[in-house]
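# Descriptive structure summary
This is what each chain is made of:
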Amino acid sequence: MKRGLKGSKQEDGGGTSGGSRGTLKRSRKQRREKDWVDESVHWERLPQEILLHIFQYLPLLDRAFASQVCRGWNEAFHMPELWRCFEFELNQPASSYLKATHPDLIKQIIKRHADHLQYVSFKVDSSRESAEAACDILSQLVNCSLKTLGLISTARPSFMELPKSHFISALTVVFVNSKSLSSLKIDDTPVDDPSLKVLVANNSDTLKLLKMSSCPHVSPAGILCVADQCHGLRELALNYHLLSDELLIALSSEKHVHLEHLRIDVVSENPGQHFHTIKKSSWDAMVRHSPKFNLVMYFFLYEDEFDPFFRDEIPVTHLYFGRSVSKDVLGRVGLTCPRLVELVVCANGLRPLDEELIRMAQHCTQLSAIGLGECEVSCSAFVEFVKMCGDRLTQLSIMEEVLVPDHRYGLDDIHWEVSKHLGRVWFPDMMPTW
C-alpha cells in the first residue's frame, strides 16, 4: 500500500517535472519570438531615405494617412524631396469627376512647402471657381523658384473666364520670383504681351519650352520678344496667327540654339477665316539653322480655308488633319512636304485617295507612320503604297472601312499582302488608334 502510494507520488512527481520542462521550453521560445519581433520590426525607426523611397510611390492621400502613424513618418511626410513635384487638382464636386486636392492640404503646402516646390502643375475643370482657386495659389508662391509650370484645363473655358488682370497678377508673381523657369505650359489662358516681357526679363537664360496655344491676347510681337531674348528655347507651341516670317528668322539667328520642336495649331474660329502665308525663304532659313527640328502642324480648318497652305515646299514632319480635308489638298501635301514623317487624316470624303497615297510614297521618303479614318482607298493602291514604302512604315493605322475591294484584292487577301511587304503581321483597325 505504501509502495503504491510511493509509486503514485513518484509518478505524480515525474509528471510535474516533465510539465515544468515543457513550460520552460515554451516560455523560452516565446521570449525568442518576442525578442525577434522587438529587434527586427521597428517600423517607426525605418531610415528616412527608405521612407522617402516608399512615400514617393504612394498616392497623396495614402501618404497623408501614413503620416499619422508616428512622429518619424510624419517627419518623412514633410521631407522637401517629396514636395518638389506637385499637381494641384482643383474642381467643383457637383460638376466634375476629378478628385480635388483637399483645401486643408493646400493650406499646409503653402505654409510649409511653398519654397520646396519646383515642378508644379494645375489641373482644373471648366468652372470659374476652380480657375480662381488656381490663381489664388499662384499669387501665394512668393518664396518659391519654380522650374516648370503647367496650367491644364480639362475643358474650356476655365482660365479664359477670369478677369484678365486677376490672372496676369497671379502669373506675374511666379515670373518674378522664379529665376530659373525652364518649362511653361499656359494654353487657353489670357496671358498677354506685357506679362511675356516680365517672363523674359526674369527667365530668359533658362526658358527652354513654351506652350501657349489659344492665347488670344498675345500678338506676334509678343512671341517675337520671347524668341529674341530666350536663346535657349528648344520647344515652342503656338497658334498659327502668331507665326510670322520675322519669328522664323529670329529662331534661325546664329545666337539662338537649335530649335528641336515647333508645334503649330491651325484653327479656324469662324468659317471663311483668312490665313496669311509664310515665305519659303523663312522656312529654308529655319531648316539651315536647325536641320533636325520637328515641325508639327494640327489643322482644324474648313475645306475652303486651305488655299494658302501647301502651295510651296514646307518642312513639316508631323501633319494632322482633324477635320475633313479635300483630295486636292492631300495631293499638294505629297508634292510639298518632303520631310513628312507622320500623317493622320481623320476624314476625307468619298473620292478614293489612290493617286495621293502613291504620290506620298514617291516624294515623302521619310514617311514612316500613317493613319486614315473616314477615307477611301482601293485595296490595290494601298498594297502598292505599302510595297513602295516597305518596312520603313513602323506605324500603319488604317480603318477597315477605308479599304475598298477591287478586282485584284479583297479584304480577306489584303492582310496577307500587306504583312508580306511590311515584314510583320498586320491587320486593319476596327477603331481609330490615334
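Preceding this paragraph is the structure being described.
Read on for an overview of the structure. (Residues numbered from 1 in each chain as written. Predicted model: local features only at pLDDT ≥ 70, side-chain atom pairs only at ≥ 80, totals over all residues. Heavy atoms only, no water.)

## Considering the side chain of Ser-326
How we decide: Numbering goes from the N terminus for both helices and strands, where a helix is a DSSP run of H or I of at least four residues and a strand is a run of E of at least two. Summary of the burial criterion: residues with accessible area below 20% of their type's maximum are buried, those above 50% are exposed, and those between are partly exposed, where the area comes from a 1.4 Å probe applied to protein chains only. We call two N or O atoms a polar contact when they sit within 3.5 Å, provided that within protein one can donate a hydrogen and the other can accept it, with sequence-adjacent residues counted only if both atoms are side-chain atoms. It only takes one pair of heavy atoms within 4.5 Å for two residues to be counted as in contact.
Along the polypeptide, Ser-326 turns up in the loop between β9 (318-324) and α12 (327-336). A relative accessible area of 17% places Ser-326 in the buried class. Separated by 3.2 Å, the side chain of Ser-326 and the backbone nitrogen of Val-329 make a polar contact. Among residues more than four places away in sequence, those in contact with Ser-326 are Glu-303 and Asn-348.

## Quick word on the pattern of salt bridges
Just so we agree on the cut-off: The term salt bridge refers to a side-chain nitrogen of Lys or Arg lying within 4 Å of a carboxyl oxygen of Asp or Glu.
The tally for this structure, following the rule as stated, stands at eleven salt bridges. Taking the shortest distance from any N to any O, the salt bridge between Glu-132 and Arg-128 comes out at 3.1 Å. Residue Glu-132 and its partner Arg-128 are located together in helix α6 (residues 128-139), separated by four residues, close to a single helical turn. The class of Glu-132 is partly exposed, set by a relative accessible area of 28%. In this structure, Glu-356 engages Lys-327 in a salt bridge whose closest nitrogen and oxygen atoms are separated by 3.0 Å. Placement of the pair is Glu-356 in helix α13 (residues 354-363) and Lys-327 in helix α12, with a sequence separation of 29 residues. For Glu-356, a relative accessible area of 5% puts it in the buried group. You can call Lys-327 buried: its relative accessible area is 15%.

## Topic: empty space enclosed by the protein
Defined as follows: Here the term cavity refers to a set of points on a 1 Å grid, laid over the protein atoms alone, in which a 1.4 Å probe fits but cannot get out; the term pocket refers to an open set having protein on both sides within 12 Å along at least five of seven lines, with lining residues being those that place an atom within 4 Å of a point. Grid points are joined across faces, edges and corners, and a volume is the space filled by probe spheres set on the points. Put simply, Ala, Val, Leu, Ile, Met, Phe, Trp, Tyr, Cys and Pro go in the nonpolar bin, Asp, Glu, Lys and Arg in the charged bin, and everything else, Gly too, in the polar bin.
This structure, assessed with the given rule, holds one cavity of 30 Å³ or more. Computed from the structure, the largest cavity encloses a volume of approximately 40 Å³. Surrounding the largest cavity, Leu-330, Leu-343, Val-345, Leu-353, Glu-356, Leu-357, Met-360, Ile-370 and Leu-372 form its lining. The set of elements that each furnish at least two residues to the lining of the largest cavity consists of β10 (342-347), α13 and β11 (369-374). Residue contributions to the lining of the largest cavity peak at three residues, all from α13. Class assignment of the residues belonging to the lining of the largest cavity gives a composition of eight nonpolar, no polar and one charged.

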